[in-house]
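Tertiary structure, described
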Amino acid sequence: MNKQFLYITNWKAYFTFNQAHQWVQKNKTALATLAKNNTIIICPSFDALAIVSPVLQEAGVTVGAQNCSEHAAGAYTGQVLIQSLKEIGCTYCFVGHSEVRAELHETTQQIAIKAVLLLQAGITPIICIGESAKDYEIARGTQVIEEQLAPVLQNIVTQNTTHKTIVIGYEPLWAIGNSSMLPADYLNKQLETIKHIVHTITPSYNTPVLYGGGVNAANIRTFKDNPLLDGVLFGHASTDFQILEKIVLL
Ligand code: PGA
């Protein structure tokens, strides 16, 4: 019921083109009811974006992309332009998702470039950061998020973009795809560090901070009750409409 709390879903590559299309057709009416009082952002895979975007928008759901090219246009095989995302109606786009960092070797420098280009196009970047299980074990978690976030925000502030909303997604790698809950005091320490960095580098930006990693219907209340959080990011749980609905309504 809270307009301010953001629900960002990441469909990753769970659906084929046909499955994504069928999912929105089947659930568009119920989605429209859900989106009346809640801010829901769905990020389908590139192949399905153009076909599902108008249906989602019609239902009052905001559309986002899972990645983008760091180039304006040109000979870049396999890449998707920010301008195309804009034409399709995307107003959000992930950068720095841990799966893209790992699989496609996306670097902090590329993330910083993409974040600025997105802001210049009027698209809100969802900047994902998070430490690995190993970094958590050796107590490097805080240092990792500083190293990942500060250079990206620094680049944004240097360019002084007109669009001034940035979403930060804190997603510890060891929580993605499973339901191991972070100790509450550890989560809060990480969130406070993020807020401190944001406050220091980009104080004039509106910067909601979200948690992602294993969010489901059983643990959602913990995150909604956390005053340091402005929303959640979730992947697998968002592919089942009934679970998505529970997460929003619980
Ligand atoms: P998950 O994924 O909800 O399936 O853990 C979250 C994410 O990777 O954004």
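Calculation criteria
- Residues numbered from 1 in each chain as written.
- Predicted model: local features only at pLDDT ≥ 70, side-chain atom pairs only at ≥ 80, totals over all residues.
- Heavy atoms only, no water.
- Helix = DSSP H or I, 4+ residues; strand = E, 2+ residues; numbered from the N terminus.
- Contact = heavy atoms within 4.5 Å.
- Salt bridge = Lys/Arg side-chain N within 4 Å of Asp/Glu carboxyl O.
- Buried < 20%, exposed > 50% of the residue type's maximum accessible area, 1.4 Å probe, protein only.
- Near = heavy atom within 4 Å.
- Polar contact = N/O pair within 3.5 Å; in protein donor to acceptor, adjacent residues only side chain to side chain.
- Areas by Shrake-Rupley, 256 points an atom, 1.4 Å probe, with all protein chains shown as cover.
- Nonpolar A, V, L, I, M, F, W, Y, C, P; charged D, E, K, R; others polar.

Let's talk about the environment of Phe94
With respect to the element layout, Phe94 can be found in strand β4 (residues 92–95). When the C-alpha atoms of Phe94 and Ile176 are compared, they prove to be 15 Å apart, with 82 residues separating the residues in sequence. With sequence-adjacent residues up to four places away left out, Phe94 is seen in contact with Ile8, Thr9, Asn10, Cys43, Ala65, Gln66, Asn67, Ile126, Cys128 and Leu233.

Here's the deal with the pattern of salt bridges
Taken as a whole, this structure holds six salt bridges when the rule is applied. A salt bridge links Glu106 to Lys114, with the nearest nitrogen and oxygen atoms 2.8 Å apart. With respect to class, Glu106 is no different from Lys114; both count as buried. Glu147 is the salt-bridge partner of Arg140, the closest N and O atoms lying 3.1 Å from each other. Accessibility expressed as a relative area gives 24% for Arg140, which makes it partly exposed. Three or more residues joined by partner-sharing salt bridges are found here, namely Asp135, Arg140 and Glu147.

Some thoughts on the site of the ligand
The ligand sits among Asn10, Lys12, His97, Glu171, Ile176, Gly177, Gly213, Gly214, Phe234, Gly235 and His236. At 2.7 Å, a side-chain N or O of Lys12 approaches an oxygen atom of the ligand. Within the backbone of Gly214, one N or O atom sits 2.8 Å away from an oxygen atom of the ligand. If the ligand stood free it would expose 280 Å²; the protein chains cover 98% of that surface. Broken down by class, the residue content of the shell around the ligand amounts to two nonpolar, seven polar and two charged.

None of this, on its own, says anything about what the molecule does.
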